[in-house]
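One letter stands for each residue in the lines below.
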Amino acid sequence: RLEHLLQHVAPNAYPTLKTQLVEQKLELERRAMSTTFHPSSFKVDRNKLLVELKGELKILVGKAPVESQTKAYHIQFSQHHGRLYIQQFSEVPHG
């Protein structure tokens with residue numbers, strides 16, 4: 001799954017984003033946890049090539065949910081030779 005996502009990352013952002021995702025994956029594995037994200041809405045800013053995605057992040061141990069949080073994320077894209085790439089993925093801070 002991780003490699004599939006990374007195929008869509010801009011070449012100049014690849015090392016940083018891969019490191020970020022691998023660190024998160026290892027931390028979840030270390031804690032014997034997993035997550036699921038259920039999107040509820042999104043906003044697209046075509047001029048900025050930015051998507052804000054909101055939804056429910058569920059944290060599970062095994063198949064048992066232990067925590068549920070409303071989260072928002074920004075997905076920043078870049079365009080190169082007519083192709084969209086993921087440039088950055090970040091959580092939107094509350095407030």
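For the structure, check the block above.
A brief report on the enclosed structure follows. Residue numbers here run from 1 along each chain, matching the order of that chain's written sequence. Side-chain atom pairs in this predicted model are given and counted only at pLDDT of 80 or more, local residue features only at pLDDT of at least 70, and totals for whole chains, interfaces and linings cover all residues. Excluding hydrogens and water, the side-chain values take into account all heavy atoms of the structure.

**Things to note about the overall build of the chain**
Only DSSP runs of H or I with at least four residues qualify as helices, and only runs of E with at least two residues qualify as strands; both kinds are numbered from the N terminus onward. Looking only at helices and strands, the chain features 2 helices and 4 strands. Structurally, the chain occupies a C-alpha span of about 45 × 30 × 20 Å along its principal axes. Between buried and exposed lies partly exposed: a residue is buried under 20% and exposed over 50% of the maximum accessible area for its type, with that area taken using a 1.4 Å probe on protein chains only. For the chain, the residues scored as buried account for 23% of the 95 residues in total. In what follows, residue pairs with any heavy atoms lying within 4.5 Å of each other are defined as contacts. Nonlocal contacts in the chain, meaning residues at least 24 apart in sequence, comprise 34% of its contacts between residues at least 6 apart. All accessible areas in this document rest on Shrake-Rupley with a 1.4 Å probe, and a residue is counted as covered only by the protein chains that are shown. Entry remark: accessible area of the chain is about 7200 Å², with carbon and sulfur atoms responsible for 55%. Positive charges are assigned to Lys and Arg, negative charges to Asp and Glu, while His and the chain termini are left out of the count. A single reference atom marks each charge: NZ on Lys, CZ on Arg, CG on Asp, CD on Glu. A distance of 4 Å separates the average location of the 13 positive side-chain charges in the chain from that of its 9 negative side-chain charges.

**Structural notes on the sheet that holds strand E3 (residues 64-80)**
Taken in spatial order, the 4 strands make up an open sheet running E1-E2-E3-E4, and their pairing is antiparallel. Both outer strands of the open sheet, strand E1 (33-45) and strand E4 (83-91), are each paired with one neighbouring strand and no more. Direction aside, the axes of adjacent strands within the sheet are offset by 30 degrees on average. DSSP calls a pair of strands paired once it identifies at least 2 bridges connecting them. The pairing of E1 with strand E2 (residues 50-61) spans 12 bridges and is antiparallel. Pairing of Phe42 across the sheet is with Leu53, part of E2. Note on definitions: angles span 0 to 180 degrees between N-to-C directions of axes, and those axes are lines fitted to C-alpha atoms, for helices only across the stretch in contact.

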